[in-house]
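Here are the chains, one letter per residue:
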Amino acid sequence: MTQIYFSEARHADDVLRLALGAAQLPTDDLGGPDQIFFSLSDDEGPIGFIGLEGKGADRLLRSLVVLPTRRGKGYGRMLVERLEEIADGAVERLHLLTSGTGEFFRRLGYAEADRDAAPAFIAATAQFTSLCGPRATYLVKDVG
């Protein structure tokens, strides 16, 4: 059985940036002080990435990407679940923006929310103010 590794993506900047770019996800704001990214990999190499932005009770789930050759095997769900496990206890709510339908995240318990009701920190992120656009779906999940 193949071992799956979930760890902080400390030395994956180039691969992360390439993976996000290939998936047409924003990269302009990568490297911010309150961002942490995680990678999912196995003995064959990288599978995907996910990020968490912010401090405090409300944080932004961002930049979920599974490499094209690894899609359709449940790795996206695994990335989100592992991130939620790490956030448990330190975070009350995870927020995200998606330019897709959001159905994937709804199946994981995220609910559509009013963008005007977003906490100040979330509303001030580059993802929220400029990178994802006003048509992006805003979703929230209580995890605390």
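Rules of the game
- Residues numbered from 1 in each chain as written.
- Predicted model: local features only at pLDDT ≥ 70, side-chain atom pairs only at ≥ 80, totals over all residues.
- Heavy atoms only, no water.
- Core = buried A, V, L, I, M, F, W, Y, C linked by side-chain atoms within 4.5 Å.
- Buried < 20%, exposed > 50% of the residue type's maximum accessible area, 1.4 Å probe, protein only.
- Helix = DSSP H or I, 4+ residues; strand = E, 2+ residues; numbered from the N terminus.
- Contact = heavy atoms within 4.5 Å.
- Lys, Arg positive; Asp, Glu negative; His and termini not counted.
- Salt bridge = Lys/Arg side-chain N within 4 Å of Asp/Glu carboxyl O.
- Polar contact = N/O pair within 3.5 Å; in protein donor to acceptor, adjacent residues only side chain to side chain.
- Pairing = 2+ DSSP bridges.

### Comments concerning the nonpolar core
Grouped together as the largest cluster of nonpolar side chains are 21 residues, with contacts concentrated most on Ile50, Leu61, Val80, Leu94, Phe105 and Tyr110. Among the secondary structure elements, those contributing two or more residues to this core are strand E2 (35-42), strand E3 (45-53), strand E4 (58-66), helix H2 (75-87) and strand E5 (93-98). Of the residues forming this core, the biggest block, 5 residues, is contributed by H2. Not counting residues within four places of it along the chain, the set of residues in contact with leucine 94 comprises Leu52, Arg59, Leu61, Glu84, Tyr110, Leu139, Val140, Lys141 and Val143.

### Considerations on the side chain of arginine 59
If you trace the backbone, arginine 59 turns up in strand E4. Buried within the structure, arginine 59 lacks any salt-bridge partner; its nearest side chain of opposite charge belongs to aspartate 34, at an N-O separation of 8.7 Å.

### Notes on the environment of glutamate 53
Within the element layout of this structure, glutamate 53 appears in strand E3. Exposure remark for glutamate 53: the relative accessible area of 9% places this residue in the buried category. In this structure, the C-alpha to C-alpha distance between glutamate 53 and aspartate 34, residues 19 residues apart in sequence, is 5.5 Å. Among the polar contacts made by the side chain of glutamate 53, one reaches the side chain of arginine 62 at a distance of 2.9 Å.

### A word on the pairing of E3
Buried residues dominate E3, accounting for 8 of its 9 residues. With 8 bridges joining them, E2 and E3 adopt antiparallel strand pairing. Its bridge partner being in E3, isoleucine 36 is matched across the sheet by leucine 52. A loop of 2 residues connects E2 with E3, the two strands running antiparallel in sequence. Note: E3 against E4, 5 bridges, orientation antiparallel. Opposite glycine 51, over in E4, you have arginine 62 as the bridge partner. The antiparallel hairpin formed by E3 and E4 contains 4 residues in its connecting segment, where glycine 54 sits at a positive phi of about 115 degrees.

### Remarks on unusual backbone geometry
Not every positive phi belongs to a glycine, and glutamine 24 is a case in point at roughly 60 degrees. Position of glutamine 24 among the secondary structure elements: in the loop between helix H1 (13-22) and E2. The backbone of serine 63 sits at a positive phi, close to 60 degrees, despite the residue not being glycine. Tracing the chain through its elements places serine 63 in strand E4. Serine 63 gets classed as buried once you look at its relative accessible area, which sits at 9%.

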